[in-house]
Amino acid sequence: MLNWTKYHILEKIKDDRILLWNTFLGKGITLVGNIAPICESEVSGVWSGEDSKAKQILQSNGFLIEKDQYDVEGKLISKMRSETVYDDSFMSITIIPTDTCNFNCIYCYQSDTIHNMSKETADSIIRMIARKKTLRKLHISWFGGEPLCNKEIVFYIMEGINRVCKERGIVLIADMTTNASLLDLPTFIRLYDLKVLNYQITIDGCKKTHDVQRPLKSGGSSYDMILKNLRDIRDNAKGRFFKIGIRTNFTDFVDNQFAAMKDTLEEEFSNDSRFYFFFQWVKNWGGNRISGIMDRLLSDDEAISHYGRWMDQMAQTSVRTGDITLIRPCSGLCVGCRKNSFIVDTDGSICKCTTGMYDKDYRDRVVIGKIEKNGLYKIDKWKEIDWLSMDADQNECEKCAQYPICLGMPCPYYKIKHKRVICNKKTDYVCKIILAMEKQGHIQEIRI
Amino acid sequence: MVKETFLEDFILTMNECGFDVAEESLDDELQYDSLQFVSTMVSIEEKYGITIPDDYMLGEGLDTARDFINMVYLLKETEDEKQ
Ligand code: SF4
Ligand code: SF4
């Protein structure tokens, strides 16, 4: 007897077109043609449709599974969670080389402090990695402040880590969240060779809106600097294995200038799979600066309804929209949720959340240890367990299509701060991403 | 120690990228995920001064260490011809 996997999302696009996404396998298909046998059947539990080509395709793509598989798929994901959370062969370290920044963004939660990571702390990070004997895969993230305000330490650490990883045959990959103003071509090429391959940069709409939301600390425009760097990289970087995610932080101001933004992105980054685009709506992320624009923020519900519209409009361009990495199995787990994942602050403190570490009321819960000079690090196990435990309702999660992505471990900082779990189900973001991917032709189409 | 042959050097590169490859196992099927694949491709680019084009982006046809070696030969040849 065949059953629908619990972990699928189904969207009817037209009368003869249906999109299916398997969240467990992290892939989807678009069925075109006679989709009636699917639409007229129940799309959960036992397959009630007739024997047809559609049924065969659904089965071969993992949407219809045998009863005994159906009975254990939730347990399999729970097992995947414990293996992922406690995996000792993988480490993900976010490094803050500086907390200073050359921008003065209107919504930034960070304060105006200047702490730069010392060479001594840099050495202790390299030693910490060298000491981890079980390590097979290492993921480094650069974050700040603006990490490139302390470029030399970034290079120094990456060179040291590359050395260790080569010696030990450890797979290494790194990414960076940067405002891109200092990401000139020589810097980019050097970082590429050191395996910093994925970037998240931010452009808040067109020049007019971006320069209001993300001015330089000195007061000037940052838009032209960023665009010049991106053009240089686009035209002159030889390597193909990098990805630059362009993020836009949405406010009503950006929304009003949406068309101008769309035109620029289309002109600059069309049909180039190395660049992709995604949104975030501006929220109260904490800090003092946000108080100046509180009246301009969208509520979550408003933002969710706009989100579909923005994705839809961007999907009509040929700028890649809808990043599959956000909806792959396990991708919903942030660093806070994994035992061997953490943030190293400028002074070598080990923290669990990049937002929470700047929340003075909760910093003590977020900092769970410190790296010593010799690379050893001590973790406060009592604090750590708050981050690693699953407190969502497992029974509910096992029934949820997003379970393979979220693993029932949404934002632990929120849980610690508000003493309740925030579930991502209502944002429906998976659906919006797959719809954008479908529109741009990134999902396999099968005729039935 | 400077490795004398291309093959020895290549095997060392693969080992540095986390592959347990030896001369006897060049034709064995490799197991890798996207992270290891991308990391390896960038190491190969750096080591051999080549740029790997889009045709290899998805790893199609790169199942064994020998496939990777053939790719490097081919790309080096093409780049030499261009110069
Ligand atoms: S926490 Fe919410 S979104 Fe995540 S698996 Fe559980 S029910 Fe689904
Ligand atoms: S805010 Fe939540 S989801 Fe984001 S890094 Fe912190 S703990 Fe993780």
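Quick caveat, the model's predicted, so the values are computed rather than measured. (Residues numbered from 1 in each chain as written. Chains lettered and ligands numbered in written order. Predicted model: local features only at pLDDT ≥ 70, side-chain atom pairs only at ≥ 80, totals over all residues. Heavy atoms only, no water.)

J.: What am I meant to see in the overall build of chain B here?
T.: Within chain B, the regular secondary structure consists of three helices and zero strands. Here the C-alpha radius of gyration of chain B, 12 Å, is about what a compact globule of 83 residues would show, namely 12 Å. Referenced to the eigenvectors of the C-alpha coordinate spread, the extents of chain B come out at roughly 35 × 30 × 20 Å. Of all 83 residues assigned to chain B, the portion counted as buried reaches 42%. For chain B, the exposed surface amounts to about 4,900 Å²; the carbon and sulfur share of it is 47%. Averaging the coordinates of the 5 positive side-chain charges in chain B and doing the same for the 22 negative ones gives two points 7 Å apart. (Helix = DSSP H or I, 4+ residues; strand = E, 2+ residues; numbered from the N terminus. Rg over C-alpha atoms; globule rule 2.2 N^0.38 Å. Buried < 20%, exposed > 50% of the residue type's maximum accessible area, 1.4 Å probe, protein only. Areas by Shrake-Rupley, 256 points an atom, 1.4 Å probe, with all protein chains shown as cover. Lys, Arg positive; Asp, Glu negative; His and termini not counted. Charge placed at Lys NZ, Arg CZ, Asp CG, Glu CD.)

J.: Just to check I follow, could you spell out the sheet that holds strand E3 (residues 17–22) of chain A for this structure?
T.: One key point about sheets: their strands pair by backbone hydrogen bonds, in either a parallel or an antiparallel sense. Residue and element names in this part refer to chain A. In space, the four strands of this open sheet follow the order E2-E3-E4-E17, with mixed pairing throughout. Of all the strands in the sheet, just strand E2 (8–14) and strand E17 (444–447) have a single pairing partner and so form its edges. With direction set aside, neighbouring strand axes in the sheet form an average angle of 25 degrees. Against the sheet, helix H17 (residues 429–439) touches E2, E3 and strand E4 (27–32), its axis set at about 50 degrees to E2. (Pairing = 2+ DSSP bridges. Axes fitted to C-alpha atoms, helices over the stretch in contact; angles between N-to-C directions. Contact = heavy atoms within 4.5 Å.)

J.: Even after reading the chapter, I still don't get the site of ligand 2, so can you show me in this structure?
T.: Taken together, the residues surrounding ligand 2 are Cys334, Cys353, Thr355, Trp387, Cys411, Pro412 and Tyr413 of chain A. Looking at the shell around ligand 2 residue by residue, the class counts come to six nonpolar, one polar and no charged. (Near = heavy atom within 4 Å. Nonpolar A, V, L, I, M, F, W, Y, C, P; charged D, E, K, R; others polar.)

J.: Help me understand the pattern of salt bridges in this model?
T.: A side chain of one charge can pair with a side chain of the opposite charge when the charged atoms of the two come close. All names here are of chain A. All chains considered together, the criterion is met by 35 salt bridges over all chains. Among the ionic pairs, Asp88 bridges to Lys339, the shortest N-O distance being 3.1 Å. Taken together, the residues Asp88 in the loop between helix H3 (67–85) and strand E6 (90–95) and Lys339 in the loop between strand E12 (320–321) and strand E13 (341–344) connect sequence positions 251 residues apart. The exposure class assigned to Lys339 is partly exposed, which follows from its relative accessible area of 24%. Through salt bridges that share partners, Arg231, Arg234, Asp235 and Glu268 make up one connected network. (Salt bridge = Lys/Arg side-chain N within 4 Å of Asp/Glu carboxyl O.)

J.: Sorry, what's going on with the nonpolar core here?
T.: The tendency in soluble globular proteins is for nonpolar side chains to be buried side by side. Residue and element names in this part refer to chain A. Membership of the largest hydrophobic core comes to 131 residues, with the highest contact counts inside it found for Leu138 and Ile140. Top element by residues in this core is helix H5 (residues 151–168). It accounts for eight residues. Mapped onto the domain boundaries, this core takes at least three residues apiece from domain 1 (2–82 + 441–447) and domain 2 (86–316). Residues Trp4, Ile29, Phe63 and Leu64 belong to the second largest nonpolar core, which totals 15 residues. (Core = buried A, V, L, I, M, F, W, Y, C linked by side-chain atoms within 4.5 Å. Domains from an automatic or database assignment.)

J.: Honestly, the site of ligand 1 in this entry has me stumped. Any pointers?
T.: Neighbouring residues of ligand 1: Cys397, Cys400, Tyr403, Cys406, Gly408, Pro410, Cys423, Asn424 and Lys425 of chain A. Along the lines of polarity and charge, the residues of the shell around ligand 1 split into six nonpolar, two polar and one charged.

J.: So what exactly am I meant to see when it comes to the state of the cysteines here?
T.: Note on terminology: disulfide describes a covalent bond linking the sulfur atoms of two cysteines. All names here are of chain A. Counting across every chain of the model gives zero disulfides over all chains. Cysteine Cys39 is unpaired, with the sulfur of Cys431 as its nearest cysteine sulfur at 15 Å. Its relative accessible area of 35% is what places Cys39 among the partly exposed residues. (Disulfide = S-S within 2.5 Å.)

J.: Looking at this structure, how should I read the interface of chain B and chain A?
T.: By convention, interface size is frequently given as the accessible area that disappears when the constituent parts associate. Listed as interface residues are 20 residues of chain B and, on the opposing side, 16 residues of chain A. Both sides together, the interface formed by chain B and chain A hides about 1,700 Å², and carbon and sulfur atoms give 64% of it. Area buried by chain B at its contact with chain A is led by Glu16, Leu35 and Val42 of chain B, which between them contribute 32% of it. Along the contact surface separating chain B from chain A lie two salt bridges. Here Asp54 of chain B makes a salt bridge to Arg240 of chain A, at a shortest N to O gap of 2.6 Å. Put simply, chain B and chain A have six residue pairs in polar contact (both at pLDDT 80 or more) between them. (Buried area = accessible area lost by both parts, 1.4 Å probe. Polar contact = N/O pair within 3.5 Å; in protein donor to acceptor, adjacent residues only side chain to side chain.)

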